[in-house]
Amino acid sequence: LHCENSVGWTTMSAVKAPEDLQLAGRCASGDRAAQRKLFHEHKQRVHIVLYRTLGSNRDMEDLAQEAFLSIFRSLESFRGEAKLATWVDRITARVAYRYLSRKRPQSVHLEAVPEVAGRDPSAERRAIARDAARRPYQILDRLDAKYRVAFALHVIDRSEERRGGEGCKSRWSP
């Protein structure tokens, strides 16, 4: 079985999700409804990858926009050898990597944890949880960009990158 995308013919046996290949082809050919569908299906995923990699960041919306511009510009090269979601994750991770490479992000500053009043166990648990959430990003801020992206994708997000991207090769260089 073969399927034609905007670049050429792809063997369907190598395609993980034929519907992803068809959606990418429709998007690449300018189908606005398909482009909206792709955006709405993957916008949360893009934000999650960016947040897991960068933490709270004032540039998050700009980076999400940059990720989608890269995604839409690259759709013609999507071959369907991995799920579209995995491919979107990779492009988003590259956007985060480029951001980290050109600018060291500010440390994540969570709201100050107030002194625990009395012996309220729930307040103490919240304070401990806030402190625990802050620590990984403090450590990540000290890592080189490529290690931070790799850590975020492999450990925090537990994404499909952990299993090797379903057969797709990836390099962390920009």
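What you see is a predicted model; the values in this text were computed from it and never measured.

Novice: Looking at this structure, how should I read the side chain of Asp20?
Specialist: Checked against the element boundaries, Asp20 lands in helix H1 (residues 18–28). Buried within the structure, Asp20 lacks any salt-bridge partner; Lys83 is the closest side chain of opposite charge, at an N-O distance of 7.3 Å. With sequence-adjacent residues up to four places away left out, Asp20 is seen in contact with Phe78, Lys83 and Leu84.

Novice: Could you clarify how one ought to interpret the environment of Ala17 in this entry?
Specialist: With respect to the helices and strands, Ala17 occurs in the loop between strand S2 (9–11) and H1. Accessibility expressed as a relative area gives 6% for Ala17, which makes it buried.

Novice: Whenever I open this one, the packing of aromatic side chains confuses me. Can you help?
Specialist: By convention here, two paired aromatic rings are described through the distance between centres and the angle between planes. The tally for this structure, following the rule as stated, stands at three aromatic pairs. Plain terms: the ring middles of Phe78 and Trp87 are 5.2 Å apart, the flat faces sit at 65 degrees to each other, and that makes the pair edge-to-face. On the accessibility criterion, Phe78 (2% relative accessible area) is buried. Ring-pair connections join several aromatic residues into one group, and the members of that group are Phe39, Phe68 and Phe72.

Novice: Mind showing me how you'd approach the environment of Ala33 here?
Specialist: Along the chain, the position of Ala33 falls in helix H2 (residues 32–54). Residues Ala33 and Leu23 lie ten residues apart in sequence; the distance between their C-alpha atoms is 10.0 Å.

Novice: What am I meant to see in the pattern of salt bridges here?
Specialist: One side chain can pair with another of opposite charge once the charged atoms of both are near each other. On inspection of all chains with the given rule, the structure shows six salt bridges. Of the charged contacts in the structure, one is a salt bridge between Arg45 and Asp89, with a shortest N-O distance of 2.6 Å. Separated by 44 residues along the polypeptide, Arg45 in helix H2 and Asp89 in helix H4 (residues 84–102) bring together distant segments of the chain. Look at Arg45 and you get partly exposed, because its relative accessible area is 26%. Between Glu66 and Arg98 there is a salt bridge; the shortest N-O distance is 3.8 Å. Highlighted residues: Glu66 in helix H3 (residues 60–74) and Arg98 in helix H4, separated in sequence by 32 residues.

Novice: Can you help me understand H3 in this one?
Specialist: Given 3.6 residues per helical turn, the α-helix brings residues three or four places apart onto the same face. For H3, built from 15 residues, the straight-helix expectation of 21 Å at 1.5 Å per residue is met to within 8% by its first-to-last C-alpha distance of 21 Å. Its buried side turned inward, H3 meets H2 and H4.

Novice: Is there a simple way to explain the packing of H3 against H4 in this structure?
Specialist: Relative placement of two packed helices is described by the angle separating their axes and the distance separating the axes. It is the contact of H3 with H4, at a shortest axis distance of 9 Å, that shows an interaxial angle of 130 degrees. Overall, the two elements H3 and H4 adopt an arrangement that is oblique. For the crossing formed where H3 meets H4, the hand is right-handed. Where H3 abuts H4, its residues Leu63, Glu66, Ala67, Ser70, Ile71 and Ser74 lie against Trp87, Val88, Ile91, Thr92, Val95, Arg98, Tyr99 and Arg102. Here the residues of the contact of H3 with H4 sort into eight nonpolar, three polar and three charged.

What counts as what
- Counting from 1, residues in each chain are numbered in the order their sequence is written.
- Reporting of local features is limited, given that this is a predicted model, to residues whose pLDDT is at least 70; pairs of side-chain atoms are given and counted only at 80 or more, and all residues count toward the totals for whole chains, interfaces and linings.
- Side-chain measures were taken over the full set of non-hydrogen atoms in the model, leaving aside hydrogen atoms and water.
- Numbered from the N terminus, helices here are DSSP runs of H or I no shorter than four residues, and strands are runs of E no shorter than two.
- Buried means the residue's accessible area, taken with a 1.4 Å probe over protein chains only, is under 20% of the maximum for its type, while exposed means over 50%, and partly exposed covers the values in between.
- The charge count includes Lys and Arg as positive and Asp and Glu as negative, but it does not include His or the ends of the chains.
- Any carboxyl oxygen of Asp or Glu within 4 Å of a side-chain nitrogen of Lys or Arg constitutes a salt bridge here.
- We call two residues in contact when some of their heavy atoms are within 4.5 Å.
- For Phe, Tyr and Trp, rings pair up if their centres lie within 6.5 Å, where Trp contributes its six-membered ring, and each pair is then called stacked (planes under 30 degrees apart), edge-to-face (over 60) or tilted (otherwise).
- To estimate how far a helix should extend, the number of its residues minus one is multiplied by 1.5 Å.
- Simply put, an axis is a line fit to the C-alpha atoms, just over the touching stretch for a helix, and the angle between two N-to-C directions goes from 0 to 180 degrees.
- The cut-offs work like this: below 35 degrees is roughly parallel, past 145 is roughly antiparallel, 65 to 115 is roughly perpendicular, and the gaps in between are oblique.
- We call a crossing left-handed when the near helix sits turned anticlockwise from the far one by less than a right angle, and right-handed when that turn is clockwise.
- For this classification, Asp, Glu, Lys and Arg are treated as charged, while Ala, Val, Leu, Ile, Met, Phe, Trp, Tyr, Cys and Pro are nonpolar and the rest, including Gly, are polar.

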